[in-house]
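One-letter residues, chain by chain:
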Amino acid sequence: MAKWTAKHEAPEPLEGPVVGTVVGGTVIWFVIFLAQAAFYGWFADRDLIWWYWTPLAGTGLGLIGIWYVRGRDAALKRHAAEQAAGTSPPAA
């Protein structure tokens, strides 16, 4: 069996407003959680209470995601500033 080799290079990863995207998604999860509060009894009657709590879990994971992408964004900006200044980051 021959080894597979790529015929072309992989494209560069897309960069965009990552922080805004994650914040927006987190806000949407929280709004869904609040909107479902009016239907809590309906979910409980049908043994679907997990539907009510799932958006809250999405909100919590989104908060972790916001913390992560803000740190990543700050590190990328810090690295770009160091490169522009001609200094290299200290070796780890």
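Residues numbered from 1 in each chain as written. Predicted model: local features only at pLDDT ≥ 70, side-chain atom pairs only at ≥ 80, totals over all residues. Heavy atoms only, no water.

1. Overview of the overall build of the chain
Next, step 1: Of the regular secondary structure elements, the chain holds 3 helices and 0 strands.
Next, step 2: Order of helices (α) and strands (β) in the chain, N terminus to C terminus: α-α-α.
Next, step 3: Its C-alpha atoms give the chain a radius of gyration of 22 Å, more than 25% over the compact-globule value 12 Å for 92 residues.
Next, step 4: Counting the 92 residues in the chain, one finds 13% classified as buried.
Next, step 5: Of all intrachain contacts in the chain linking residues separated by at least 6 positions in sequence, the fraction that spans at least 24 positions is 53%.
Next, step 6: Side chains of the chain carry 7 positive and 7 negative charges; the gap between the two charge centres is 3 Å. (Helix = DSSP H or I, 4+ residues; strand = E, 2+ residues; numbered from the N terminus. Rg over C-alpha atoms; globule rule 2.2 N^0.38 Å. Buried < 20%, exposed > 50% of the residue type's maximum accessible area, 1.4 Å probe, protein only. Contact = heavy atoms within 4.5 Å. Lys, Arg positive; Asp, Glu negative; His and termini not counted. Charge placed at Lys NZ, Arg CZ, Asp CG, Glu CD.)

2. Digging into the packing of aromatic side chains
Next, step 1: Using the criterion set out here, one finds 8 aromatic pairs in the structure.
Next, step 2: Here the aromatic residues Phe30, Phe33, Tyr40, Tyr52 and Trp53 are joined through ring pairs into a cluster of three or more. (Phe/Tyr/Trp six-rings, centres within 6.5 Å; stacked < 30°, edge-to-face > 60°.)

3. A short note on the pattern of salt bridges
Next, step 1: For the structure on display, the rule yields 2 salt bridges.
Next, step 2: Here Glu15 and Arg72 are joined by a salt bridge, their closest N and O atoms 3.1 Å apart. Remark: Arg72 occurs in helix α3 (residues 49-85) and Glu15 occurs in the segment before α1 (18-35); sequence separation between them is 57 residues.
Next, step 3: Taking the relative accessible area as the measure of exposure, Glu15 reaches 52% and is therefore exposed.
Next, step 4: For Lys77, the salt bridge identified is with Asp73, shortest N-O distance 3.4 Å. One end of the pair, Lys77, and the other, Asp73, are both in helix α3, 4 residues apart, so they sit about a helical turn from each other.
Next, step 5: Given the relative accessible area of 29%, Asp73 is considered partly exposed. (Salt bridge = Lys/Arg side-chain N within 4 Å of Asp/Glu carboxyl O.)

4. Digging into α3
Next, step 1: The terminal C-alpha atoms of α3 lie 55 Å apart, and with 37 residues this matches the ideal 54 Å at 1.5 Å per residue to within 8%.
Next, step 2: Inspection of α3 places Tyr52, Pro55, Gly58, Thr59, Gly62, Gly65, Ile66 and Val69 among the buried residues, and these make up the whole buried set.
Next, step 3: Buried residues belonging to α3 abut α1 and α2 (40-45). (Expected span 1.5 Å × (residues − 1).)

5. Focus: the packing of α1 against α3
Next, step 1: With their axes 8 Å apart at the nearest point, α1 and α3 run at an angle of 165 degrees to one another. The angle between α1 and α3 falls in the class roughly antiparallel. Crossing of α1 against α3: the hand is left-handed.
Next, step 2: Tallied by class, residues from the contact of α1 with α3 come to 15 nonpolar, 6 polar and 3 charged. (Axes fitted to C-alpha atoms, helices over the stretch in contact; angles between N-to-C directions. Parallel < 35°, antiparallel > 145°, perpendicular 65-115°, else oblique. Left-handed = near helix turned anticlockwise from the far one by under 90°. Nonpolar A, V, L, I, M, F, W, Y, C, P; charged D, E, K, R; others polar.)

It is worth stressing that arrangement in space is one thing and function is another; only the former is reported here.
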